[in-house]
Amino acid sequence: MKSVSYGFIKPNANSIEISINSQTNIEEKFNLDEGYSSKAVCEIIHSFAERNKTKIGALAIINNNFDEKLAEDLWLELDIVPSFVSIEDFEKFGKEKVIQSIKANFKDDHSNKISTTSGKVNVHDFLISLDKIKNSSSERHVKLLDRLSEKFKEKKLKVGFFNSTVNGGGVALMRHSLMRLCKLLNLNINWYVVSGNKDIFKITKQKIHNVLHGLSHEEFRLTPEDIKCYGGWTEDNAKVFEDLFKNLDIIIIDDPQPSGLVKHIKKINPMTKIIYRSHTQLDTSLIDEEDKVQHDTWNFIYDNLKDIDLFASHPIRHFVPKNVDKEKVLFMPPTTDPFDGLNKKIDDNSSVYYFELFNEILKKTGQKTLDYSEEYFIQVARFDPAKGIFDLIEAYRLFFEKMKKIDLDQIPSLVIMGNGAHDDPEGSIIYNQVLEKLHEKKNSSIKDYVRVAMVPFRDQLLNVLIRKSFASLQLSHREGYEVKVTEALMKEKPVIIYDSGGLPLQAKDNINGFIVTDFDTNKVSEHMFKLYQDKELHQKMSKNAVDHYDQNISTIKNLINWLYLTTKISEDDNFRGKFKDINKLIEEDYLEINPQTNHSDNIIS
C-alpha cells in the first residue's frame, strides 16, 4: 500500500523545491521553463508522487503571498490539504519542524485532527476560494449571499452554533463547510461543541435520540438518575460557555443533545436570540400519544425549548410534534458541499490509495478484499439501528438468490460502510451485530460477497467507494434527510431508497432510482436485479442522477438561509417562521432578487 507523505513546496519565479517526509526523506528541486504557475507546480507534484509511489496528504506552501489558486488546485486536483507558511517562519524553524508541524495536524490513520479551543472548533482555514464557490452557484444565490453578508456585517452580529460532535454524521459535515465559507466572507460566525463522555452520550443516544426516532420504547425511559445526569452535564457546559453566552447575539442549537443549554442561556443573557435546528426524524405518531415513552421524552426536551425564538425543522410537516408553537416553526433542508472531501472528484493516484486503505481495513477484520474492477452495490451510513442495515443484508440475499439462477460468475458484491461518531456509543455494537448476522446459516452463501467496514473519518474514502460503486442504497427506517442520497446522485449513481423521512425528497422514482415502501426487502431485491440486468436502464438512470438531483442544497444556500434568519431575527422581535419553507420566507423579503412567482415549497405534508 502507498505511504502517506507530508511536506512543503517552495515555489520561486523559475523553480520549485519539494520536500516530503514519508518512509524516507525525499527532496527535489525543479526548474520551471515558463515561470511559476499553479498548473505547472501541480503537474510536477503529481509526477513526483507517482514516481515515489506515495500519496501526499498535506503540503505547506512556503510563500509570503497567499496563493489561492495553487492551494485550491492542490486540494481539487491532487487531493492535498494546503496550508501556508511565511518565508520568515520557514527560515526561523527550518525544514524538519515545518514538516513535523504539518504532519501533526493528522492522526495515525491520516485523518484530520480536529482541535477545539475553549469549545470552539478550529476549522481548516482554506480549501476553496470564494470565487470558485460563487462561480458554481446561480446568479440569484450570489446576489443574495452578497446582500445578506453585507447586512450581517453592518449589524456586527455575533453568532454561535452548538452541537455535540466535531465529526461523524451530517451535522458536523455541514458545519465544517459552512464555517469555511464564513471565514472567506469574514463573518463573525463560529461553531462550538459541548464536552461529554460515554455515560452522557449513552443517555442522549439511546434514551433520547433513539426514543424520539421511535426505535426504542418503554425499556429506555429516562429515569430520575438520567435526568439528573443530563441536567448536571448541561449545567457544567453552561458554566464553560458563560462568558461566550454573554457576548453572542444569536445561538443555534443543533438537535436534542445540547438543548438543555437553552434555559441557562436565557438566564445568562435574556437578550440572546435562540434558534433550535431539528435535524432528526421525530416520530410524532408516538410523541403525540400521551401513554407513550416518546411523549414523555419529547416533553422533557421541549421543556428546555420553550424559550427559543425559532424552530427550524427538516422540510417535512409531520416531523413537528403538535405541542410545538407552529408560529415559530420554519422548514429548511440540510446541505452538502460539492467541493469537500466527500464530493469533489478524486485523482487516480489518490483513488487507488483510498481503495487500498479500504482493503486494509477489511483485512484487519478477516474479510475478503475488494477488487478495484469489481462491481458492487453500496450503502454509506453510520452503524445505527435506524439505518436499515439488516434489511439491506436481507435484500442483498434475495438479490443474490435471483442472480445465482442465471450467472454465478457475475454477481456484484455489497459494501456496507460508515463512520462512527463521538456522541454515538452504539456504533461499534451495531457494527458487530452486522458481522454476526452475516455468519448466520441463512446468510452463509453471501458472507464472502458482503464487505462491512467502520472506517476512519476520511471523507475521500467514502467518496471514492461511492464513485466506484454500481448503485447506492439507503434503507433507513427513520431518517431526517440523509443527504448521502443526493451525494450518490451527484456522482452519477442510481439510488434505491425507502420511502422514509426525507429520503424521497431527494430522488425521482423510476427516473434516477427507485423508492420502495419500508421493509419491502423483496421489492428492493427486484430493483437491484432489474438495474443490474438492464444495462441500458442503468445507463439512463446514471445520467438522470446528475440531471435530476436537488442542486438547491449547497453550502452557499445553507449560509444564505442562516444569514437571512439571523439578520431577520435580530431586527424584528416579531419575526416568526409561520410554518413556512425557508425559500418562501426569503422570497417574500427579496422578491426582486428571487422572483419565483410560481413558488411551490417542497414540504411533505
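Okay, so let's go over this structure. (Residues numbered from 1 in each chain as written. Predicted model: local features only at pLDDT ≥ 70, side-chain atom pairs only at ≥ 80, totals over all residues. Heavy atoms only, no water.)

**What about the overall build of the protein?**
Under the convention used in this document: Going along the chain from the N terminus, every DSSP run of H or I of four or more residues is numbered as a helix, and every run of E of two or more is numbered as a strand. Restricting the calculation to C-alpha atoms gives the radius of gyration, and the globule rule supplies 2.2 Å times the number of residues raised to the power 0.38. Throughout this description, buried means an accessible area under 20% of the type-specific maximum (1.4 Å probe, protein chains only), exposed means over 50%, and partly exposed covers the range between. Note on contacts: a residue pair is in contact if any heavy atoms of the two residues lie within 4.5 Å. In this description, accessible areas are obtained by the Shrake-Rupley approach with a 1.4 Å probe, and a residue is regarded as covered only by the protein chains that are shown. His is not counted, nor are the chain ends; Lys and Arg add positive charge and Asp and Glu add negative charge. In this description, the location of a charge corresponds to atom NZ of lysine, CZ of arginine, CG of aspartate or CD of glutamate.
Regarding its fold elements, the protein presents 22 helices and 20 strands. Taking 605 residues into account, the globule formula puts the C-alpha radius of gyration at 25 Å, and the protein, at 25 Å, falls close to it. Over its C-alpha atoms, taken along the principal directions, the protein stretches across nearly 75 × 70 × 55 Å. Taking all 605 residues of the protein together, the buried fraction comes to 60%. For the protein, the share of sequence-separated contacts (at least 6 apart) that also reach a separation of at least 24 residues comes to 71%. Carbon and sulfur atoms make up 46% of the accessible area of the protein, which amounts to about 25,300 Å² in all. Computing the positive centroid from 82 side-chain charges and the negative centroid from 92, the protein places the two 1 Å apart.

**A few points about the sheet that holds strand β15 (residues 413-418)**
Let me state the cut-off plainly: Pairing between two strands requires that DSSP report at least two bridges joining them. Only the stretch in contact is used when fitting a helix axis, every axis being a line fitted to C-alpha atoms; angles between N-to-C directions are given from 0 to 180 degrees.
One open sheet accounts for six strands, arranged β16-β15-β14-β17-β18-β19; its pairing is parallel. Of all strands in the sheet, those bounded by a partner on one side alone are β16 (450-454) and β19 (513-516). Taken pair by pair, the neighbouring strands of this sheet meet at an average axis angle of 15 degrees, ignoring direction. Pairing analysis gives three bridges linking strand β17 (residues 471-474) to strand β18 (residues 495-498), with the strands arranged parallel. Among the inter-strand pairings, Leu473 is bridged to a residue of β18, identified as Ile496. Sitting on the sheet, helix α14 (residues 348-364) is in contact with β14 (376-380), β15 and β16, with an inclination near 95 degrees to β16.

**Observations regarding the pairing of β18**
As a reminder of what qualifies: Handedness of a crossover is defined as follows: orient the strands so they point away from the viewer, and if the path from the first strand over the helix to the second runs clockwise, the crossover is right-handed.
Neither face of β18 is exposed, since Val495 and Ile497 on one face and Ile496 and Tyr498 on the opposite face are all buried. The parallel pair β17 and β18, bridged by helix α18 (residues 484-490), forms a crossover whose chirality is right-handed. In this sheet, β19 lies alongside β18 in parallel orientation, the contact comprising four bridges. Within the sheet, the bridge partner assigned to Tyr498 lies in β19 and is Val516.

**Quick word on the sheet that holds strand β2 (residues 15-21)**
Strands sit in the order β3-β2-β1-β4-β5 across an open sheet of five strands; the sheet is mixed. At either margin of the open sheet sits one strand with a lone partner, and together these are β3 (25-31) and β5 (81-85). Along the sheet, successive strands turn relative to each other by an average axial angle of 25 degrees, direction set aside. Where β2 and β3 come together, seven bridges link them in antiparallel fashion. Bridge pairing links Ile16 to Phe30 in β3. Packing of helix α4 (residues 95-103) onto the sheet brings it into contact with β1 (3-11), β2, β3, β4 (54-62) and β5, and relative to β1 it is tilted by some 130 degrees.

**Let's talk about the pattern of salt bridges**
What counts here: In what follows, salt bridge is the name for a side-chain nitrogen of Lys or Arg lying within 4 Å of a carboxyl oxygen of Asp or Glu.
Within the structure shown, the criterion is met by 38 salt bridges. Across the pair Arg478 and Asp283 runs a salt bridge, and its minimum N-O distance is 3.3 Å. Taken together, the residues Arg478 in the loop between β17 and α18 and Asp283 in the loop between β11 (273-278) and α12 (284-287) connect sequence positions 195 residues apart. Arg478 gets classed as buried once you look at its relative accessible area, which sits at 18%. Exposure remark for Asp283: the relative accessible area of 11% places this residue in the buried category. Linked by salt bridges that have partners in common, Glu17, Glu27 and Lys95 make up one network.

**Digging into the pairing of β4**
Two faces belong to every sheet, and in a regular strand the side chains alternate between them. With respect to burial, β4 is a largely interior element, nine of its nine residues being buried. Taken together, the seven bridges between β1 and β4 define a ladder with parallel strand orientation. When the bridges of β4 are listed, Ser5 appears paired with Ile56. Sheet topology note: the β4/β5 ladder contains five bridges and is parallel.

**Focus on the nonpolar core**
The tendency in soluble globular proteins is for nonpolar side chains to be buried side by side. For clarity, the cut-off: Among the buried residues, those of types Ala, Val, Leu, Ile, Met, Phe, Trp, Tyr and Cys that are joined through side-chain atoms within 4.5 Å form a nonpolar core.
Ile189, Phe358, Met417, Leu465, Leu559 and Leu565 are the most contacted members of the largest nonpolar core, which has 93 residues in total. The contact partners of Met417, leaving out residues within four places of it in the chain, are Phe358, Ile378, Gln379, Val380, Ala381, Phe383, Ala453, Val455, Leu461, Leu462 and Leu465.

**What to know about the packing of helix α8 (residues 198-213) against helix α9 (residues 224-240)**
Note the cut-off: Our angle categories are set so that under 35 degrees counts as roughly parallel, over 145 as roughly antiparallel, 65 to 115 as roughly perpendicular, and the remainder as oblique. In a left-handed crossing the near helix is turned counterclockwise from the far helix by less than a right angle, and in a right-handed crossing that turn is clockwise. The residue classification treats Ala, Val, Leu, Ile, Met, Phe, Trp, Tyr, Cys and Pro as nonpolar and Asp, Glu, Lys and Arg as charged. All others, Gly included, are polar.
Packing of α8 against α9 brings their axes to within 10 Å, and their N-to-C directions diverge by 125 degrees. The angle between α8 and α9 falls in the class oblique. Crossing angle aside, the handedness with which α8 passes α9 is left-handed. Here Ile200, Phe201, Ile203, Thr204, Lys207 and Ile208 of α8 come into contact with α9, specifically with Asp226, Cys229, Tyr230 and Trp233. Taken together, the residues of the contact of α8 with α9 sort by class into seven nonpolar, one polar and two charged.

**Some words on the packing of helix α15 (residues 389-404) against helix α16 (residues 427-438)**
Where α15 meets α16, the axes come as close as 10 Å, and the angle between the chain directions of the two elements is 25 degrees. Classed by the angle they form, the pair α15 and α16 counts as roughly parallel. Between α15 and α16 lies a crossing of right-handed hand. Together, Ile389, Phe390 and Ile393 of α15 and Gln433, Val434, Lys437 and Leu438 of α16 make up the contact between the two elements. Broken down by class, the residue content of the contact of α15 with α16 amounts to five nonpolar, one polar and one charged.

**Focus: the layout of surface pockets**
A probe matching the size of a water molecule, rolled over the atoms, marks out where space remains unfilled. Basically, it comes down to this: Cavity: a set of points on a 1 Å grid over the protein atoms alone where a 1.4 Å probe fits but cannot get out. Pocket: an open set with protein on both sides within 12 Å along at least five of seven lines, its lining residues, like those of a cavity, having an atom within 4 Å of a point. Grid points are joined across faces, edges and corners, and a volume is the space filled by probe spheres set on the points.
Considered as a void within the structure, the second largest pocket measures approximately 740 Å³ in volume. Lining the second largest pocket are 34 residues, and of these Pro338, Phe339, Asn343, Met490 and Tyr549 sit closest to its centre. Among the elements that take part in the lining of the second largest pocket, helix α20 (residues 535-547) stands out by supplying three residues, more than any other. Residues of the lining of the second largest pocket, tallied by class, amount to 10 nonpolar, 14 polar and 10 charged.

**Examining the side chain of Ser278**
With respect to the helices and strands, the residue Ser278 is situated in strand β11. Those residues within four positions of Ser278 in sequence are excluded, and the remaining contacts are Asp255, Phe311, Ala312, Ser313 and His314.

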